[in-house]
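Now for the letters of each chain:
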Amino acid sequence: MADVDLAKYTKLFVAEAREYLRALNDAMVGLEADPSDMAKVDEMFRACHTMKGMAGMMGLEPFAETAHALEDLLNAIRRGEAEPTGKVAEAIFAGLDALEGMMDSVSQSGEVKEAKGVIDGLRDAASARRGRGGRGSRKKAAPKGDGAPKAKRGKPPAKPKVVVLKVRLARRCAFPAARAIVILKELARVANVRGSNPSEEEIDQEHAFEELEITLEPEKGFDETVPRIASMLDVDEVRVGREGDDSSKFETVDAPGRLKDKPVDTPTTQTVRVGMDKLDELLDDVSELVIARSRLIERTASQDDRELGEISAHINKLTSEIQSKVLGIRMIPLETVMGRFPRMVRDIARNQGKQVELVVDGGSIELDRTVIDLISDPIMHILRNCVDHGIETESERRRTGKRARGLIRIVASKQQDHVLIEISDDGAGIDYEAIKAKAVASGLTTRDEADSALARDLLQLLFRPGFSTRDEVSKLSGRGVGLDVVKRNVEDLGGSVMVSSSEGAGTTFSLWLPFTLAIIEAMLVSIADQVYAVAMGTISESHRFERSDVKLIRDREVVQLRGEVLPVIRMRRFFDIQEDEGSGAINALIVQSRERRAALAVDDLMGHQQIVVKSLDRRLRRTKGISGGTILGSGRIALILDVDSILER
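Topic: the pattern of salt bridges
It is possible for side chains of opposite charge to pair when their charged atoms get near one another.
No. 1: As enumerated under the stated definition, the model contains 33 salt bridges in all.
No. 2: Between Glu-65 and Arg-123 there is a salt bridge; the shortest N-O distance is 3.4 Å. With Glu-65 in helix H3 (residues 61-78) and Arg-123 in helix H5 (residues 116-127), this pair connects stretches of sequence that are 58 residues apart.
No. 3: Taking the relative accessible area as the measure of exposure, Arg-123 reaches 36% and is therefore partly exposed.
No. 4: Linked by salt bridges that have partners in common, Glu-32, Glu-90, Asp-97, Arg-343, Arg-346, Asp-347 and Arg-350 make up one network.

Quick look at the sheet that holds strand E18 (residues 564-570)
No. 1: The strand order E15-E19-E20-E18-E17-E16 describes an open sheet built from 6 strands, whose pairing is mixed. At either margin of the open sheet sits one strand with a lone partner, and together these are strand E15 (539-545) and strand E16 (551-553). Taken over all neighbouring pairs, the strand axes of this sheet differ in orientation by 40° on average, direction set aside.
No. 2: Bridge count for E18 against strand E20 (residues 596-602) is 3 bridges, and the pairing is parallel. Opposite Ile-569, over in E20, you have Leu-600 as the bridge partner.

Comments concerning the packing of helix H9 (residues 276-301) against helix H10 (residues 306-330)
No. 1: For the pair H9 and H10, the least separation of the axes is 10 Å and the interaxial angle reads 155°. Our classification of the angle between H9 and H10 gives roughly antiparallel. As H9 runs across H10, the sense of the crossing is left-handed.
No. 2: The residue makeup of the contact of H9 with H10, split by class, is 14 nonpolar, 7 polar and 3 charged.

Quick word on the nonpolar core
No. 1: Phe-13, Phe-63, Ile-92, Ile-183, Ile-214, Phe-222 and Val-238 are the most contacted members of the largest nonpolar core, which has 73 residues in total.
No. 2: The dominant element in this core, judged by the number of residues it contributes, is helix H4 (residues 86-109), at 11 residues.
No. 3: Looking at this core, you find at least three residues from each of domain 1 (7-134) and domain 2 (147-256).
No. 4: Dropping the residues within four chain positions of it, Phe-13 is found in contact with Met-54, Ala-55, Met-58, Leu-60, Phe-63, Met-103 and Val-106.
No. 5: Counting 48 residues, the second largest nonpolar core, distinct from the first, contains Ile-430, Leu-458, Val-486 and Val-490.

Examining the pairing of strand E1 (residues 163-169)
No. 1: Burial analysis of E1 places 6 of its 7 residues in the buried class, which makes it a mostly covered element.
No. 2: Here E1 runs beside strand E4 (residues 235-242); their pairing, made up of 7 bridges, is antiparallel. What sits directly across from Leu-169, in E4, is Val-235.
No. 3: Of the pairings in the sheet, the one linking E1 to strand E3 (residues 211-218) comprises 6 bridges and is antiparallel in character. Its bridge partner lying in E3, Val-163 is registered against Leu-216.

Things to note about the sheet that holds strand E14 (residues 530-535)
No. 1: Read across the sheet, 5 strands follow the order E21-E13-E14-E23-E22 without closing on themselves; strand pairing throughout is mixed. Of all the strands in the sheet, just strand E21 (604-612) and strand E22 (626-631) have a single pairing partner and so form its edges. For this sheet the average axis-to-axis angle between neighbouring strands, irrespective of direction, equals 35°.
No. 2: When strand E13 (residues 519-527) meets E14, the two strands line up antiparallel, connected through 6 bridges. Paired with Ala-522 across the strands is Ala-535, a residue of E14.
No. 3: The strands touched by H9 within the sheet are E13, E21 and E22, with E21 carrying the most contacts at an inclination of about 145°.

Describing helix H12 (residues 341-351)
No. 1: Considered for burial, the residues of H12 that qualify are Phe-341, Arg-343, Met-344, Val-345, Arg-346, Ile-348 and Ala-349.
No. 2: Against helix H1 (10-33), H4, helix H11 (335-338), strand E7 (356-361), helix H13 (369-390) and strand E9 (406-415) lie the buried residues of H12.
No. 3: One or two positions beyond H12, positive phi appears at Gly-353, with a value near 70°.

Some details on a negative patch on the surface
No. 1: A grouping of Asp-277, Glu-281, Asp-284 and Asp-285 is seen on the molecular surface, where their side chains present a negatively charged patch.
No. 2: You can see Asp-284 is positioned in helix H9.
No. 3: Residue Asp-284 is classed as partly exposed on the basis of its relative accessible area of 48%.

Describing the packing of aromatic side chains
No. 1: All chains considered together, the criterion is met by 2 aromatic pairs.
No. 2: Relative to Phe-575, the ring of Phe-574 lies with its centre 5.2 Å away and its plane at 90°, an arrangement referred to as edge-to-face.
No. 3: You can call Phe-574 buried: its relative accessible area is 17%.
No. 4: Through a chain of ring-to-ring contacts, three or more aromatic side chains come together here, namely Tyr-532, Phe-574 and Phe-575.
No. 5: Sitting over the face of the ring of Phe-45, Arg-78 holds its NZ or CZ atom 4.1 Å from the ring centroid.
No. 6: Positioned over the ring face of Phe-250 is Lys-166, at 4.8 Å from the centre of the ring.

About the thresholds
- Residues numbered from 1 in each chain as written.
- Predicted model: local features only at pLDDT ≥ 70, side-chain atom pairs only at ≥ 80, totals over all residues.
- Heavy atoms only, no water.
- Salt bridge = Lys/Arg side-chain N within 4 Å of Asp/Glu carboxyl O.
- Helix = DSSP H or I, 4+ residues; strand = E, 2+ residues; numbered from the N terminus.
- Buried < 20%, exposed > 50% of the residue type's maximum accessible area, 1.4 Å probe, protein only.
- Pairing = 2+ DSSP bridges.
- Axes fitted to C-alpha atoms, helices over the stretch in contact; angles between N-to-C directions.
- Parallel < 35°, antiparallel > 145°, perpendicular 65-115°, else oblique.
- Left-handed = near helix turned anticlockwise from the far one by under 90°.
- Nonpolar A, V, L, I, M, F, W, Y, C, P; charged D, E, K, R; others polar.
- Core = buried A, V, L, I, M, F, W, Y, C linked by side-chain atoms within 4.5 Å.
- Domains from an automatic or database assignment.
- Contact = heavy atoms within 4.5 Å.
- Patch = residues over 30% accessible without salt bridge, like charges linked within 9 Å, V, L, I, M, F, W, Y side chains within 5 Å.
- Areas by Shrake-Rupley, 256 points an atom, 1.4 Å probe, with all protein chains shown as cover.
- Lys, Arg positive; Asp, Glu negative; His and termini not counted.
- Charge placed at Lys NZ, Arg CZ, Asp CG, Glu CD.
- Phe/Tyr/Trp six-rings, centres within 6.5 Å; stacked < 30°, edge-to-face > 60°.
- Lys NZ or Arg CZ within 6 Å of the ring centre and 35° of its normal.

Written as structure tokens, this is what we have:
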């Protein structure tokens, strides 16, 4: 085959290989739990074969060789010569880890190193049971005589059979040229490729084509390879026939694992791979457009011009639609983060000599890409704590009447304008007495204060830097050690974290996260001639209370609203601003953060609008009561109130 510049396909290769590796890890975790699930073995085998072909096309021989060894081991499992448990499972996971490491090298430098030890381990695992005969092995009868095959006489050698393969790619295929080259390279391994239409040169120059037609002479392995090509990503149909036959005589090749009765006219969604940097730039432009729209609306309101009003209303509508679509493009399912956790939990549990099952629910909920990127580490740290310190050993669990296998659940759900992610285990729970003892020993509190403290106040100590109830900290985690980092990362996102625990019943971490950090609906309020914004998702209603409505209970101001007693938080006092000598009546926003509700007293309510969230300088991010800022249509800067931290006072 002709030399082709493959460097431009590196990003595509890395992206697709990472998807295959994630699927392989997930499938292997499930297969280890249920070794009889041959459907997962077939799925893994096809994925490895595809990656091998992709790596071969890219000239990454160490990657291709490792994938080939992994493919051989999976084939041994398919034939019943090995079982995906014990050392065989460890060899497969080691192979997947090696491929993952190669992916990192390819994305950084474009080169990979040979994983000789891993390949030997895969081959040893594949051949270990063959000598003894696997559960599906079959002994063949020895041939009579000297065993040598007898040649047929009197017939001249047959002419090579020439076959034509027609491959139609899906319209959604992002890089048809790269996919076509992968197919040609794969066929070159099992056939003598005589030519193609379009040619390799035309494919490399990215000429447009609807169907790839390849003329070839089949060799050993051809019949097994063609169905795998038909099942490749972005391949819609593969038809095969003899050279010179009419197209109507070509037969469609069945794709393993693909629905055969799928309607031909089923609509397919076309996709295009776009770098996140371009989406970030687009969002920045849309954010500026939103600010300009607010200025236009303000200026239009002060003008008695009907035509200008109509133009302003039309631009307002279009801007809202563009904004909604751009934000939708940036939204990513939580499962893209959660997909890596089953393998991690499995590895940590095995190192600890424990049995742990991870259940994930709500992975289809979508969050902004920025939130997804930053939430991965906090969840990972909490899971390490759950396995290392939450779940007991098998003997301890049996002694307390629990099942031997521990359970960790990750449940995501929508809560107004936030997403709630709950990570819980059914382990021993947190020892409150140990927290008290450590707090007293560290000088954080006295013994009397510790004994009288509420459980939720004791649990908050876990988020102090360096606080741990253990004298010895494991290499993985320590309940409390590093949780301050979890809290800081979550709060940097405008979210919050809570923990609850019952002795002997387990621990639950609750992460409250915003859907997006970019553009939100907000209520504008005035406090001492300064404009502030409050996220609409935290506001239940607004109300005006007279002076006589405000009562004192235990030296705290409260108001009663439809039978509910609410604490009053005067925002002037909160920010240490002199009180207004007015009528005494207060304008209040009834806000809610989880189970807490309060009435925020402000000077005036100015209406609501969409605002572009701007992050504060790092030195200002710890300012209590403030989570960010925005630029109003008038050009003024408005600070965004952090309701969560305000209600914690």
